[in-house]
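Secondary and tertiary structure notes
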Amino acid sequence: MAQYPGAQKAPSSWRKGFDSIKQEDAQSILNFLAGPTFNGRNAFNGDFFAAAGFVADQLRAMGLQPGGDKGSFLQRFVLLESSIDPAGTSFKSGDGSVSYAFGNDFSIRGVSDTQAAVKFAFIKASEKADLSQVNWDLVKDRWVVLSSEAVRNPAITEIMLRRNPKVKFDQIIRSSPFGRMGDVGRAYSVKDMPDPRTEAYSQPRFSADAVKAIATKCGAAKFLAEGNETSIETSDVPFELAVKVTSKEIPSTNVVGVLPGSDPKLKDECVLIGSHLDHLGLSNDGIRFGADDNGSGCTANLLVAKAILGNPVRPKRSVVFAFWTLEETGTYGSFAYSMKPTVPLDKTVAYVNMDMVGRNEESGVDIPENNERSVYPGIVRLNSPEFEKLLFDTNRFVNLRLKNDKEDRTERSDTRNFVWRGVPTVKVFTGEHRDYHRAGDTIDKVNFKKLTSVAKWVYLTVQELASDRTRPQFVKTDWKESADVSFQGYAKLPDGVKLPPGAKLVVDLIATAAGSNEVKPLASSTVEAKDARIPYEITLPRTSLNPELNYQLTFRVLVGKKETFVNDSAVTASGKGWTRPQTVSLKPVVGSSDTKL
């Protein structure tokens, strides 16, 4: 049963389970998970626990074995919620001449009681300053104060705000024009499971007056001077930080089910499939039901479990199905599992994470009409090329459009807790959209054909991983910018125009050779022109274009072989690609009569 045109027939060994994954089942599950019964599955109230009970009942009814504590499907742990104790939290210079209690001029977030010695560095730069020659070792182990414009400099964003591991600074302080701090919020950790990646304190903030006083104490004259001349100043003036916290214990739980492997030698190994069950619930814009985030991933997880159980050929390795809590708070559910896994992580062949698999990408240059079958498996290429190859191989039987990701999303989901531990990992993700973390993330906007297609793809991939094939190797590599550039948007016909059946929109990307009138088409796209607003897309390898040049896009509507509409004005296409979609108005070709007004 092919999901998209061009898909091959699923392998006979896996076909029954493959064919059992149906849209009506997906709709039934998601209507319940993302409906009023669970009110958005907030991990801090009974709505989540009710949803966890529903999922556990589903796994039990399928015939899976419990993978939680004490013979249950629930893996329980305790979340610690830590708040700052103002009476025991302070920041001061070593000689006490500059001193701030926790409050209006100084705030910080803390996981545990701590004391620390602090030294500062100060960076001033304009938004467009060239920082390519900066010696970033100067800021090692320091609190770095950034000027207001330096925060917007791309090098600062890439190297410091995104925590480039090659730059070993301690904390970032943004120089703020505002006088008061506001609440930095609570900090969280898992009781009795320390995370070496988590700092004892984070997010120190100072008022503008406090920043000025600290810079003066440190002698950072260039930072304090008028203008935006680039400078990096360091100081050995010592400061002292004291943090004291109070903590509250919050009972939490994951849901875990296990299908034991059929092979006596391989059943001790497993393939792990995870999706976070929690979302945000009641908020100031209404109930955030989280249909896509992440009711869709949990629905796909349940569909895969049912399909594997219903297939006559059982996996040789075990398969673990997990539904995480507290992803939205900081991936604490999957972290708790990684510290106390049902199957040891060195026996875990691969981790498949499904997070937001039910919508069409609608962000940046991408428009939803061009992403009806698009999926990002991006981070797998950063940790396991062999796993990536398998994912592309199994996609032959579904024919999703597997796209290069726009960023390294490893740290943005539960994937972070498995890549960190050396497990080959993929995040299956169908893209951002305008309803992300909003009340508009509802069931009516879900692309159920895509959701079930993703489930079929994951099903085949898990079946292959759980067979006796060689385990994919974990090979960590650095993120590289997406290899593609894209031009997307809508071609708009004049009001009242109706095209006859079979009309086509042809979009060409062209360049004119220097010194001649020769037109060189570099790429073309042809789509059916069904409506007055026609989606278009040209995506091609970044190396195909010179980022320093501009190109042209031309638009033609063909009825048969006859041009009936063309673009109204020149459309410039930067060699760097577009960051936003563009709507292009079309005008009739003089003498054309193949339209109806």
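Not measured: the values here are computed from a predicted model. (Residues numbered from 1 in each chain as written. Predicted model: local features only at pLDDT ≥ 70, side-chain atom pairs only at ≥ 80, totals over all residues. Heavy atoms only, no water.)

**Quick look at the overall build of the chain**
A tally of helices and strands in the chain yields 12 helices and 30 strands. Taking 25 Å as the expected radius of gyration for a compact globule of 597 residues, we find that the chain reaches 27 Å, a close match to that expectation. Taken over the C-alpha atoms alone, the chain extends approximately 85 × 70 × 45 Å along its principal axes. Taking all 597 residues of the chain together, the buried fraction comes to 52%. Here the analysis covers contacts within the chain between residues at least 6 apart in sequence; of these, 80% occur between residues at least 24 apart. The chain carries 77 positive and 72 negative side-chain charges, and their two centres are separated by 4 Å. (Helix = DSSP H or I, 4+ residues; strand = E, 2+ residues; numbered from the N terminus. Rg over C-alpha atoms; globule rule 2.2 N^0.38 Å. Buried < 20%, exposed > 50% of the residue type's maximum accessible area, 1.4 Å probe, protein only. Contact = heavy atoms within 4.5 Å. Lys, Arg positive; Asp, Glu negative; His and termini not counted. Charge placed at Lys NZ, Arg CZ, Asp CG, Glu CD.)

**Brief notes about the sheet that holds strand β12 (residues 231-234)**
Spatially, the 4 strands line up as an open sheet ordered β9-β8-β7-β12, and their pairing is mixed. For this open sheet the edge positions go to β9 (171-174) and β12, each flanked by a neighbour on one side alone. Averaged over all pairs of adjacent strands, the angle between their axes in this sheet comes to 20 degrees, without regard to strand direction. One ladder, built from 4 bridges, connects strand β7 (residues 120-124) with β12; its direction is antiparallel. Residue Ala121 lies in a different strand from β12, and its bridge partner there is Thr234. Sitting on the sheet, helix α5 (residues 208-218) is in contact with β7 and β8 (143-146), with an inclination near 110 degrees to β7. (Pairing = 2+ DSSP bridges. Axes fitted to C-alpha atoms, helices over the stretch in contact; angles between N-to-C directions.)

**Considering helix α12 (residues 448-465)**
If you check α12, its first and last C-alpha atoms are 25 Å apart, about what 18 residues at 1.5 Å a residue would give, namely 26 Å. Burial analysis of α12 places 16 of its 18 residues in the buried class, which makes it a mostly covered element. The opening residue of α12, the one whose side-chain oxygen lies 3.2 Å from the backbone nitrogen of Lys449, is Asn447. (Expected span 1.5 Å × (residues − 1). Polar contact = N/O pair within 3.5 Å; in protein donor to acceptor, adjacent residues only side chain to side chain.)

**Considering the packing of helix α2 (residues 23-33) against α12**
At a closest axis distance of 9 Å, the pairing of α2 and α12 adopts a crossing angle of 105 degrees. In terms of orientation, α2 and α12 fall into the roughly perpendicular class. Taking contact as the criterion, the partners of Gln23, Ala26, Gln27 and Leu30 in α2 are, on α12, Phe448, Lys449, Leu451 and Thr452. Partitioning the contact of α2 with α12 into residue classes produces 4 nonpolar, 3 polar and 1 charged. (Parallel < 35°, antiparallel > 145°, perpendicular 65-115°, else oblique. Nonpolar A, V, L, I, M, F, W, Y, C, P; charged D, E, K, R; others polar.)

**Comments concerning helix α10 (residues 385-394)**
Within α10 the residues assigned to the buried category are Phe387, Glu388, Leu390, Leu391 and Thr394. Down the axis, α10 shows its buried residues gathered within 160 degrees of arc, on one side only. Its buried side turned inward, α10 meets β19 (348-354), β21 (401-402), β22 (425-428) and α12. (Arc of directions from axis to C-beta.)

**What to know about the pattern of salt bridges**
Per the counting criterion, the structure on display carries 33 salt bridges. Where Asp405 meets Arg409, a salt bridge forms, and the shortest distance between an N and an O atom there is 2.9 Å. Asp405 sits in the buried class, given a relative accessible area of 5%. Measuring nitrogen to oxygen at the nearest pair gives 3.2 Å for the salt bridge that ties Glu464 to Arg469. Residue Arg469 is classed as partly exposed on the basis of its relative accessible area, which comes to 33%. Each of Asp405, Glu407, Arg409, Arg412 and Glu432 takes part in one network of salt bridges that share partners. (Salt bridge = Lys/Arg side-chain N within 4 Å of Asp/Glu carboxyl O.)

**Comments concerning the side chain of Asn417**
In this structure, Asn417 sits in helix α11 (residues 416-419). Within the structure, the side chain of Asn417 is placed 3.0 Å from the backbone oxygen of Thr331, a separation counted as a polar contact. Not counting residues within four places of it along the chain, the set of residues in contact with Asn417 comprises Arg197, Thr331, Ser334, Phe335 and Ser338.

**Here's the deal with the confidence of the model for the chain**
Within the chain, residue pLDDT values average 93, and 95% of them lie at 70 or more. Across the chain, the element-wise mean pLDDT spans from 79 in helix α4 (residues 154-161) up to 99 in strand β18 (residues 318-324). Confidence drops under a pLDDT of 50 for residues 176-180, and excluding neighbours within four residues, the segment shows 8 contacts in the predicted structure. (pLDDT = per-residue confidence, 0-100.)

**Brief notes about the packing of α2 against helix α7 (residues 291-310)**
Contact pair α2 / α7: the axes reach a minimum separation of 9 Å and the direction vectors enclose 135 degrees. With respect to their mutual orientation, α2 and α7 come out oblique. Here α2 runs over α7; the crossing is right-handed. Residues Asp25, Ala26, Ile29, Leu30 and Leu33 of α2 touch α7, and the partners they reach there are Ala291, Gly295, Ser296, Cys298, Thr299, Leu302, Leu303 and Lys306. Residue classes in the contact of α2 with α7 are distributed as 8 nonpolar, 3 polar and 2 charged. (Left-handed = near helix turned anticlockwise from the far one by under 90°.)

**Notes on the pairing of β8**
The side chains of a regular strand alternate, first on one face of the sheet and then on the other. What you see with β8 is no split at all: Trp143 and Val145 on one side and Val144 and Leu146 on the other are buried throughout. Inspection of the sheet shows β7 paired to β8 by 4 bridges, in the parallel sense. Residue pairing in the sheet places Phe120 in a bridge with Trp143 of β8. Sheet topology places β8 next to β9; 4 bridges connect them, and they run parallel. Bridge pairing in β9 places Val145 opposite Ile173.

**Some words on the sheet that holds strand β3 (residues 90-93)**
Read across the sheet, 4 strands follow the order β4-β3-β13-β6 without closing on themselves; strand pairing throughout is antiparallel. Of all strands in the sheet, those bounded by a partner on one side alone are β4 (99-101) and β6 (114-118). Across the sheet, the mean angle from the axis of one strand to that of its neighbour is 10 degrees, orientation sign disregarded. In the sheet, β3 pairs with β4 via 3 bridges, with the strands oriented antiparallel. Paired with Phe91 across the two strands is Tyr100, which belongs to β4.

**Observations concerning the state of the cysteines**
A covalent bond bridging the sulfur atoms of two cysteines is what the word disulfide describes. Evaluated as defined, the whole model comprises 0 disulfides. The thiol of Cys270 is unpaired, and the distance to the nearest cysteine sulfur, on Cys298, comes to 18 Å. Residue class for Cys270 comes out buried when judged on its relative accessible area of 0%. (Disulfide = S-S within 2.5 Å.)

**Concerning the nonpolar core**
The biggest cluster of nonpolar side chains holds 67 residues, and the ones touching the most others in it are Phe321 and Val428. If we ignore the near neighbours within four places in the chain, the residues touching Val428 are Val352, Asn353, Met354, Asp355, Met356, Val357, Val375, Tyr376, Val454, Trp457 and Val458. Core analysis: the next-biggest nonpolar cluster, separate from the first, contains 29 residues, Val485, Val507, Ala529 and Leu586 among them. (Core = buried A, V, L, I, M, F, W, Y, C linked by side-chain atoms within 4.5 Å.)

**Digging into the side chain of His433**
In this fold, His433 is placed in the loop between β22 and α12. Note on His433: relative accessible area 6%, which makes it buried. Engagement of the side chain of His433 in a polar contact is seen with the side chain of Asp292, the distance being 2.9 Å. If sequence neighbours within four positions are ignored, His433 has contacts with Asp292, Met356, Arg359, Asn360, Glu362 and Asp441.

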